[in-house]
Amino acid sequence: MSGKPCAFKLQGLRDHIEGVARVAEAFIESSNLHRVAARRLGLDPQLVKSYMILSAKAHDLGKAMDYYQRQFDESCKAVSERFNFMDHEVFSGAMLMKAKEEVLKAYGDCELCFGAAVVAVLLHHHAMRVHDPTAITGSKRDEFLAKAGKVIKDGLDERLGFVIPEEVTPRDLDRLAFNLVKLYGQTSRSSRAYLYFLTPLVIADYADGAKRVESEKRTFSLIVLDILKEWGVKVEG
């Protein structure tokens, strides 16, 4: 299903969110990852699972920014050969942080879970780029501010289960950086939580990428898909 907001060329963001969330949930349940994480972190398994799935759903919210969506027409065809979503994950994290109160109401009261979800979303492209509080408020601040603005969120609220912010402002980026200082500075328990949440997100993101014919990630995505099938993880679509 394509149509703005777009996640990639010829793929709508709503479709990508649903695909990643579906695979992530199947992987979590098949591996019992939520139970393992909950036991080691001293948390409720269902809360952990809920926030792990939230990470999968929210990881690409930043792509809905008008700045990125200008690169596509209404059917998600790229208007030029060169397009990118560089740093979209920063805006994904900022949007999630901005909606914190609504998220806690919708997904359950778990500050550690919420913090882990935000960091997992922010760093889901860790292999390519790492964002820390200093970068967001320092050397790359002007680049981020140039992309801040309106969010094209048609149909996304229903997918996420809470009202997504209509814009990302400089203040929202500052708030994200401020909270990251606290998250990064916490105990190893916080770090372990983030890694547990990141695992199903990255696996599911690559698995959903197998649906895109033209993608530099397709070969690796197919490998991930084959591994999931060998593990008995049901992947549809």
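Placed above this text is the structure.
This write-up is about the structure you can find in this document. These figures come from a predicted structure and were not determined experimentally.

Reading the values: rules and limits
- Residue positions are counted from 1 within each chain, in the order its sequence is given.
- Per-residue local features are limited, in this predicted model, to residues with pLDDT of at least 70; the limit for side-chain atom pairs, both in listing and counting, is 80 or more; totals at the level of whole chains, interfaces and linings are taken over all residues.
- To get the side-chain values, take all heavy atoms of the structure and skip hydrogens and water.
- Residue exposure (1.4 Å probe, protein chains only): buried if accessible area is under 20% of the type maximum, exposed if over 50%, otherwise partly exposed.
- A run of DSSP states H or I qualifies as a helix once it reaches four residues; a run of E qualifies as a strand once it reaches two. Both are numbered from the N-terminal end.
- The arc in question is formed by the directions pointing from the helix axis toward the C-beta atoms.

Taken together, the buried positions of helix 6 (residues 100-107) are occupied by Lys100, Val103, Leu104 and Tyr107. Taken around the axis of helix 6, the buried residues stretch over an arc of 100 degrees, which confines them to a single face. Structural note: helix 6 exposes Glu101 and Lys105 on the side pointing more than 90 degrees away from its buried face. Immediately downstream of helix 6, the backbone of glycine 108 shows phi near 115 degrees, a positive value.

Below, the discussion takes up unusual backbone geometry. Note: most peptide bonds trans; most residues except glycine with negative phi. The phi torsion at asparagine 32 lies on the positive side, around 60 degrees, for a residue other than glycine. In this fold, asparagine 32 is placed in the loop between helix 1 (13-31) and helix 2 (33-41). The backbone of cysteine 76 sits at a positive phi, close to 65 degrees, despite the residue not being glycine. Take cysteine 76: it is sitting in the loop between helix 4 (66-69) and helix 5 (88-98). The buried category is assigned to cysteine 76, whose relative accessible area is 0%.

Read these as spatial facts, not as claims about activity.
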